[in-house]
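So you can see what is in the structure, the chains are spelled out below.
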Amino acid sequence: MGLLTEQMVNALRFYTGDVSWWHGEDKEAAFWRDKKAYLVINALFFEGIENELARAGEKKFLNPVFFENTERLLDVCENLIKAIWAGGKDEPLQYGYRVERMSSFEKIKQLGHTISPTSTSKTGFLSNYRDKKGLVLLDFTIDQGVPRADMGKLLPNYSKAEEKEILIAPWLPLEIRRRSLTEEELTISDYDGQPPGMAYQITVKQPERMNDVRPRPLDQAGAEAGRRVLETILKQEMPKQEDVRAYSLWKESFRDHLKVRCLN
């Protein structure tokens, strides 16, 4: 495991959908047995609920159980981010490829940095992405020493070895340049059978020093609002605005707590 603790390794495995390591109590199973944990975890890093709505619109299940225990969720995300930072310390320059939702990429481009943990593959683009709507193709150059987790190197018995996944840390500065799509890339199709709209070359840079972060307390009322938001959008209904506001503020505080735990 090298620099990674057992908790960090398990957080990486949990994020990638490998739940075989967990043998806890039944009352915790709805959380720890979720093989799509990354859906909710990634959504926590985005402002508002646009990301949650996009995933629900693609018929993906965002597990409301994640909001039952805020400290458990914080611990998982803390160990995940610390694993990504530890895993990249001695890594050389690498290349990765990602097919992203246009809606998510527009936010990334606007901010100029990674938002959530960002999964890329060393094997290039697949031929179809029926689990996403509105595609943009991203070629990543990951500079030497940039925080990333090369899953095949860090995880024992990596369950998705064929994906050759590199997971890039959130909050890293990016250099973004648009490029042309190739004829082969235009054969890639999304949820609605549509080709990618754009392609970009992205260089992931060394992290910048963050300003001091002073997070607000994480109240359970905000987490409960998050649970109601997910339960509502999973029914293809719009949540109450007061729940959206409370959940959005809670997510902002959640991210600030993670920054204090992981980056200070």
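What you see as residue numbers is a count from 1 along each chain, following the sequence as written. Predicted model: local features are reported for residues with pLDDT of at least 70 only, side-chain atom pairs are reported and counted for 80 or more only, and whole-chain, interface and lining totals are derived from all residues. Calculation of side-chain values draws on the structure's entire complement of heavy atoms; hydrogens and water are dropped beforehand.

**Some remarks on the side chain of threonine 16**
Relative to the elements of secondary structure, threonine 16 occurs in the loop between helix 1 (6–15) and helix 2 (29–32). Per-residue accessibility, obtained with a 1.4 Å probe over protein chains only, is compared with the maximum for each type, and a residue is labelled buried under 20%, exposed over 50%, and partly exposed between these values. Given the relative accessible area of 5%, threonine 16 is considered buried. We call two residues in contact whenever any of their non-hydrogen atoms come within 4.5 Å of each other. Excluding residues that lie within four positions of it along the chain, threonine 16 makes contacts with Met151, Leu155, Lys160 and Glu165. Numbering of helices and strands runs from the N terminus, with a helix taken as a DSSP run of H or I at least four residues long and a strand as a DSSP run of E at least two residues long.

**What to know about the packing of aromatic side chains**
Planes of paired rings set the category: under 30 degrees apart is stacked, over 60 is edge-to-face and the rest tilted, where pairs are Phe, Tyr or Trp rings (Trp by its six-membered ring) whose centres lie within 6.5 Å. Tallying each qualifying case throughout the model produces 13 aromatic pairs. Taken together, the aromatic side chains of Phe14, Trp21, Phe31, Trp32 and Phe66 make up a single cluster linked through ring pairs. Throughout this description, the term charge over a ring refers to an Arg CZ or Lys NZ atom that lies within 6 Å of the ring centre and within 35 degrees of the ring normal. Here arginine 72 stacks its cationic end above the ring of phenylalanine 31, 4.0 Å away from the centre of that ring.

**Concerning the state of the cysteines**
Pairs of cysteine sulfur atoms within 2.5 Å are what we label disulfides. In this structure the tally under the stated criterion is zero disulfides. With no disulfide of its own, cysteine 77 lies 8.6 Å from the sulfur of cysteine 262, the closest cysteine sulfur. When its relative accessible area of 1% is taken as the criterion, cysteine 77 is described as buried. The buried category is assigned to cysteine 262, whose relative accessible area is 15%.

**Here we look at helix 8 (residues 220–233)**
If you check helix 8, its first and last C-alpha atoms are 20 Å apart, about what 14 residues at 1.5 Å a residue would give, namely 20 Å. Of all the residues in helix 8, the buried ones are Gly222, Ala223, Ala225, Gly226, Val229, Leu230, Thr232 and Ile233. Among the structural elements, helix 3 (37–43), helix 4 (50–57), helix 5 (70–87) and helix 9 (241–263) are those in contact with the buried residues of helix 8. Multiply 1.5 Å by the residue count of a helix minus one, and that product is the helix's expected span.

**Notes on the nonpolar core**
Across soluble globular proteins, you tend to see nonpolar side chains buried next to one another. Buried residues of nine kinds, namely Ala, Val, Leu, Ile, Met, Phe, Trp, Tyr and Cys, make up a nonpolar core once their side-chain atoms join them within 4.5 Å. Formed by 67 residues in total, the largest nonpolar core has its most connected members in Leu12, Ile41, Leu44 and Leu258. Looking at this core element by element, the count peaks at nine residues for helix 5. For isoleucine 41, the residues in contact, after removing those within four places along its chain, are Tyr15, Phe66, Val76, Cys77 and Leu80. One finds Val99, Leu135, Leu137 and Ala199 within the second-largest nonpolar core, a separate group that totals five residues.

**Thoughts on unusual backbone geometry**
Positive phi outside glycine occurs at lysine 59, with the angle close to 65°. By relative accessible area, lysine 59 is classed as exposed at 61%. Unlike most non-glycine residues, tryptophan 171 shows phi in positive territory, near 70°. Note that tryptophan 171 resides in the loop between strand 5 (165–168) and strand 6 (174–179).

**Side note on the packing of helix 5 against helix 9**
Orientation is described by lines fitted to C-alpha atoms, with helices fitted over the stretch in contact, and by angles between N-to-C directions that extend from 0 to 180 degrees. Relative to each other, helix 5 and helix 9 sit at 45°, their axes nearing to 10 Å. With respect to each other, helix 5 and helix 9 are oriented oblique. Crossing geometry of helix 5 relative to helix 9 is assigned as right-handed. Contact with helix 5, carried on its side by Thr70, Glu71, Leu73, Leu74, Asp75, Cys77, Glu78, Ile81, Lys82 and Trp85, involves Trp250, Phe254, His257, Leu258, Arg261, Cys262 and Leu263 of helix 9 and no other residues of that element. The labels follow the angle: roughly parallel below 35 degrees, roughly antiparallel above 145, roughly perpendicular from 65 to 115, and oblique for the rest. For a crossing to be left-handed, the near helix must be turned anticlockwise from the far one by less than a right angle; the clockwise case is right-handed.

**Describing the environment of lysine 60**
One can find lysine 60 in the loop between helix 4 and helix 5. Sequence separation of lysine 60 and threonine 114 is 54 residues, and the distance between their C-alpha atoms is 22 Å. Nitrogen and oxygen atoms within 3.5 Å of one another constitute a polar contact, given that in protein one can donate a hydrogen and the other can accept it, and given that sequence-neighbouring residues count only through two side-chain atoms. Among the polar contacts made by the side chain of lysine 60, one reaches the side chain of glutamate 58 at a distance of 3.1 Å.

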